[in-house]
Amino acid sequence: MQSAFSLSFSQSSLTPPNRPLCSSNAAPRNLRFCGLRREAFGFSPSKQLTSCRFQIKSRRIEVSAAAASGNGAPSNKSFDYDLVIIGAGVGGHGAALHAVEKGLKTAIIEGDVVGGTCVNRGCVPSKALLAVSGRMRELQNEHHMKSFGLQVSAAGYDRQGVADHASNLATKIRNNLTNSMKALGVDILTGFGSVLGPQKVKYGKDNVITAKDIIIATGSVPFVPKGIEVDGKTVITSDHALKLESVPDWIAIVGSGYIGLEFSDVYTALGSEVTFIEALDQLMPGFDPEISKLAQRVLINPRKIDYHTGVFASKITPAKDGRPVLIELIDAKTKAPKDTLEVDAALIATGRAPFTNGLGLENINVATQRGFIPVDERMRVIDGNGKLVPHLYCIGDANGKLMLAHAASAQGISVVEQVTGRDHVLNHLSIPAACFTHPEISMVGLTEPQAREKAEKEGFKVSIAKTSFKANTKALAENEGEGLAKMIYRPDNGEILGVHIFGLHAADLIHEASNAIALGTRIQDIKLAVHAHPTLSEVVDELFKAAKVESPASTTPRSVKAAV
């Protein structure tokens, strides 16, 4: 789920050196999976490495590896820790690892299980289910298989085996996250955490610790509208659905955003009929309208899916005593009764709500806004008087800026940069998002309506470039030519305002555009980049080349000058 985008822009990143850091056996540590670092998959840094130095733009930067020396004494002896993080989800994990790399004595508090929503009830297990649905969908498509010259007998599945695949993946990633933090010297403190006062935190029953800086990273929980009774069996949230305890013949999904779309992909691949219930007048309201229209034609219309738009589910009663789930629909505008549905199950996919109750915010005069903790562009918490609370930060779903796991991780890293002396403002418009349907949907930046609204206010023109997967050799080799890439940009200076992709591996293709936005790279420069052929990356390459920009390319890149 996405929330409102921030309009702040980050500074250009430092250029990495052309030689490896330290020794050749030093493993890179900046890979992510849904915001997770490579340590989540069982890789840990070399124990022998104590510190390394490398040149960046003629300055000498020292990167400490606290894993070698352990979580030592805090830099300020008047505190127990340099940094305490409340919440060990993806955001807290990313902040903790970066803090250790910066030499901070760090503790992370978790009242439930390490990994938070993403690892245990979100990104990770859902991708396991979607991996199954993708293979089932391909095996069930007789025409698709015949086009390859393949003959496949009727495909089937074991429900418990599918559920176990999702559960086992979550367990593996959770254990690896825990072990990675322990190996790096992060203190993992068990118990519910809350803020007692300035730079003071309580966890568990009566444990109190102090820290120079505190990060709140408590995440979110499924949002259930009033009138809906969740029993965890026939009326469920995404938390329950990921356990796949049943595959109903007919399931209603309330909400057609990321969560609803992904589960519709899973359920229809496994044989369910799906009915969407959407409060707005169109399905997939958070996506670019042109992409939504194409996605509906491919992901909704040919499948066993029907839908009701412009309606609320005012009341949902679980199945009991042989009666089905009962859903009462009312008009979203007039609130007049519209219809009543009887289905086998209902999934509530109406988004997520911040988990901020019981954090002791009243002790520091902080009032939530619709449950979210107010922060500025640097994730610093704002109190009830509009003033910054010193040394207190909030990242991830709890602040509502962008409710994505990798956004939480990026915000946490940004905060650590600030508390260690480097000012950093994260550009939320450069953070990509993806919906892992088959085919996938991905996006970064503004939609076309948002871009045109911005252009009208600020007085510049907007242009659109498009390219089709039907023109891509690799996509055609896969018989997956259904797809579109779209870029919204400024023709006067080549600034990329937004990119939206629907098609094979769209979630992987979006990052070239998101990195270009983050680094401020203009189209006239990036269109000169070379892409391997034949690859899906050429879809994005053709998108850049299709843009008509008035400004010329910049001077020859520095690396080329040096080579010459």
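Numbering of residues starts from 1 in each chain and follows the order in which that chain's sequence is written. Local features in a predicted model are, by the rule used here, given only for residues with pLDDT of at least 70; side-chain atom pairs are given and counted only at 80 or more, and totals for whole chains, interfaces and linings are based on all residues. Side-chain measures were taken over the full set of non-hydrogen atoms in the model, leaving aside hydrogen atoms and water.

## Some details on the sheet that holds strand E18 (residues 337–343)
Spatially, the 3 strands line up as an open sheet ordered E16-E17-E18, and their pairing is antiparallel. Of all strands in the sheet, those with a lone pairing partner are strand E16 (311–317) and E18, marking the two edges. In this sheet, neighbouring strand axes are inclined to one another by 25° on average, regardless of whether the strands run parallel or antiparallel. Any two strands between which DSSP finds at least two bridges are classified as paired. Under the DSSP-based scheme used, a helix requires at least four consecutive residues in state H or I and a strand at least two consecutive residues in state E, with every element numbered from the N terminus. The axes used here are C-alpha line fits, helices contributing only the stretch in contact, and every angle between their N-to-C directions lies in the interval 0 to 180 degrees.

## Quick look at the packing of aromatic side chains
Each Phe, Tyr or Trp ring (for Trp, its six-membered ring) is paired with any other whose centre lies within 6.5 Å, and the angle between the two planes then decides the class: stacked below 30 degrees, edge-to-face above 60, tilted in between. Tallying each qualifying case throughout the model produces 3 aromatic pairs. Ring centres of Phe192 and Phe355 lie 6.2 Å apart, and the angle between their planes is 85°; this geometry places the pair in the edge-to-face category. Taken together, the positions of Phe192 in the loop between strand E7 (187–190) and strand E8 (193–197) and Phe355 in the loop between strand E20 (352–354) and strand E21 (380–382) put the pair 163 residues apart, joining distant regions of the chain. Residue Phe192 is classed as partly exposed on the basis of its relative accessible area, which comes to 37%. For Phe355, a relative accessible area of 34% corresponds to the partly exposed category. If you follow Arg490 out to its NZ or CZ, it ends over the ring of Phe460, 4.1 Å from the centre. Exposure is judged per residue with a 1.4 Å probe applied to protein chains only, and the accessible area is read against the type maximum: over 50% gives exposed, under 20% gives buried, and values in between give partly exposed. The criterion is that NZ of a Lys, or CZ of an Arg, lies within 6 Å of the ring centre and within 35 degrees of the ring normal, and then a charge sits over that ring.

## Considering the packing of helix H2 (residues 90–101) against helix H10 (residues 405–419)
Remark: H2 packs on H10, axes separated minimally by 7 Å, with the N-to-C direction vectors making an angle of 30°. As far as their axial angle goes, H10 and H2 are roughly parallel. Seen from above, H2 lies across H10 with right-handed handedness. Contact residues: H2 offers Val90, Gly91, Gly94, Ala95, His98 and Ala99, while H10 offers Ala405, Ala408, Ser409, Gly412, Ile413, Val416 and Glu417. Side-chain classes follow a simple rule in which Ala, Val, Leu, Ile, Met, Phe, Trp, Tyr, Cys and Pro form the nonpolar group, Asp, Glu, Lys and Arg form the charged group, and the remainder, Gly included, forms the polar group. Among the residues making up the contact of H2 with H10, the classes are represented as 7 nonpolar, 5 polar and 1 charged. Working definition: roughly parallel below 35 degrees, roughly antiparallel above 145 degrees, roughly perpendicular at 65 to 115 degrees, and oblique for all remaining angles. The sense of a crossing depends on the near helix, which, turned anticlockwise from the far helix by less than a right angle, makes the crossing left-handed and, turned clockwise, makes it right-handed. Note on contacts: a residue pair qualifies if any of its non-hydrogen atoms lie within 4.5 Å across the two residues.

## Some points on the side chain of Ser194
Here Ser194 shows up in strand E8. Those residues in contact with Ser194 that lie beyond four places of it in its chain are Ile86, Lys200, Val201, Lys202, Gly358, Leu359 and Gly360.

## Some points on the pairing of strand E5 (residues 81–86)
E5 sits mainly inside the fold: 6 of its 6 residues count as buried. Where E5 lies against strand E10 (residues 207–216), 5 bridges are found, and the strand directions are parallel. Paired with Tyr81 across the strands is Ala211, a residue of E10. In this structure, E5 lies alongside strand E6 (residues 106–110), joined through 4 bridges in parallel fashion. Across the sheet, the residue bridging to Ile85 is Ile108, located in E6.

## Section: the confidence of the model for the protein
Every residue gets a pLDDT, meaning the predictor's confidence in that residue, from 0 to 100. Residues of the protein with pLDDT of at least 70 account for 85%, and the chain-wide mean is 88. A low-confidence stretch, residues 560–564 stays under pLDDT 50, and its non-local contacts, those more than four residues away or across chains, total 1 contact.

## Quick notes on the pattern of salt bridges
One side-chain nitrogen of Lys or Arg within 4 Å of one carboxyl oxygen of Asp or Glu is enough to make a salt bridge. Across all of its chains, the model carries 27 salt bridges by this definition. Here Lys474 ties to Glu478 by a salt bridge, and the two come within 4.0 Å at their closest N and O atoms. Here Asp492 makes a salt bridge to Arg490, at a shortest N to O gap of 2.7 Å. Judged by relative accessible area, Arg490 falls into the buried class, the value being 16%. Among the charged side chains, a network of salt bridges with common partners joins Asp288, Glu290, Glu448, Arg452, Lys466 and Lys486.

## Considering the environment of Thr268
Take Thr268: it is sitting in helix H8 (residues 258–269). Relative accessible area serves as the criterion here: at 13%, Thr268 is assigned to the buried category. Along the chain, Thr268 and Ser133 lie 135 residues apart, while their C-alpha atoms are 8.3 Å from each other. If sequence neighbours within four positions are ignored, Thr268 has contacts with Arg137, Val274, Arg303, Lys304 and Ile305. Among the polar contacts made by the side chain of Thr268, one reaches the side chain of Arg137 at a distance of 2.9 Å. For this analysis, a polar contact is any N or O atom pair within 3.5 Å, provided that within protein one partner can donate a hydrogen and the other can accept it, and provided that sequence-adjacent residues contribute only side-chain to side-chain pairs.

## Some points on a negative patch on the surface
On the surface, a cluster of negative charge is contributed by Asp249, Glu273, Asp306 and Asp344. Tracing the backbone shows Asp249 in the loop between helix H7 (238–241) and strand E13 (250–254). Patches in this entry comprise residues that are over 30% relatively accessible and not in a salt bridge; like charges within 9 Å are linked, as are nonpolar side chains (Val, Leu, Ile, Met, Phe, Trp, Tyr) within 5 Å. Exposure was quantified through the Shrake-Rupley algorithm and a 1.4 Å probe, taking into account, for residues, occlusion by the shown protein chains and nothing else. Counting rule for charge: Lys and Arg are taken as positive, Asp and Glu as negative, and neither His nor the chain ends is counted. A single reference atom marks each charge: NZ on Lys, CZ on Arg, CG on Asp, CD on Glu.

## Let's talk about helix H16 (residues 537–546)
Residues Glu538, Val539, Val540, Asp541, Leu543 and Phe544 constitute the buried set of H16. In this structure, the buried side of H16 is in contact with strand E25 (463–468), strand E26 (484–489), strand E27 (496–503), helix H13 (506–509), helix H14 (511–519) and helix H15 (523–526).

## Let's talk about helix H9 (residues 289–300)
Among all positions of H9, only Ile291, Ser292, Leu294, Ala295, Gln296, Val298, Leu299 and Ile300 are buried. Next to the buried residues of H9 lie H8, strand E14 (273–278), strand E15 (305–309), strand E24 (440–445), E26 and E27.

## Details of unusual backbone geometry
Between His438 and Pro439 the backbone carries a cis peptide bond, its omega angle lying at 0°. If you trace the backbone, Pro439 turns up in the loop between strand E23 (433–435) and E24. Residues His533 and Pro534 are joined by a peptide bond in cis, for which omega reads 0°. Within the element layout of this structure, Pro534 appears in the loop between H15 and H16. Backbone geometry places Arg370, a non-glycine residue, at a positive phi of 55°. The exposure class of Arg370 is exposed, given its relative accessible area of 75%. Here His391, not a glycine, exhibits a phi torsion of approximately 65°, which is positive. Looking at where His391 falls in the secondary structure, it is placed in strand E22 (residues 388–394). Given the relative accessible area of 31%, His391 is considered partly exposed.

## A word on a nonpolar patch on the surface
On the surface, a cluster of nonpolar side chains totalling about 310 Å² of accessible area is made up of Leu139, Phe148, Leu150 and Val152. On the secondary structure map, Leu139 appears in helix H4 (residues 123–140).

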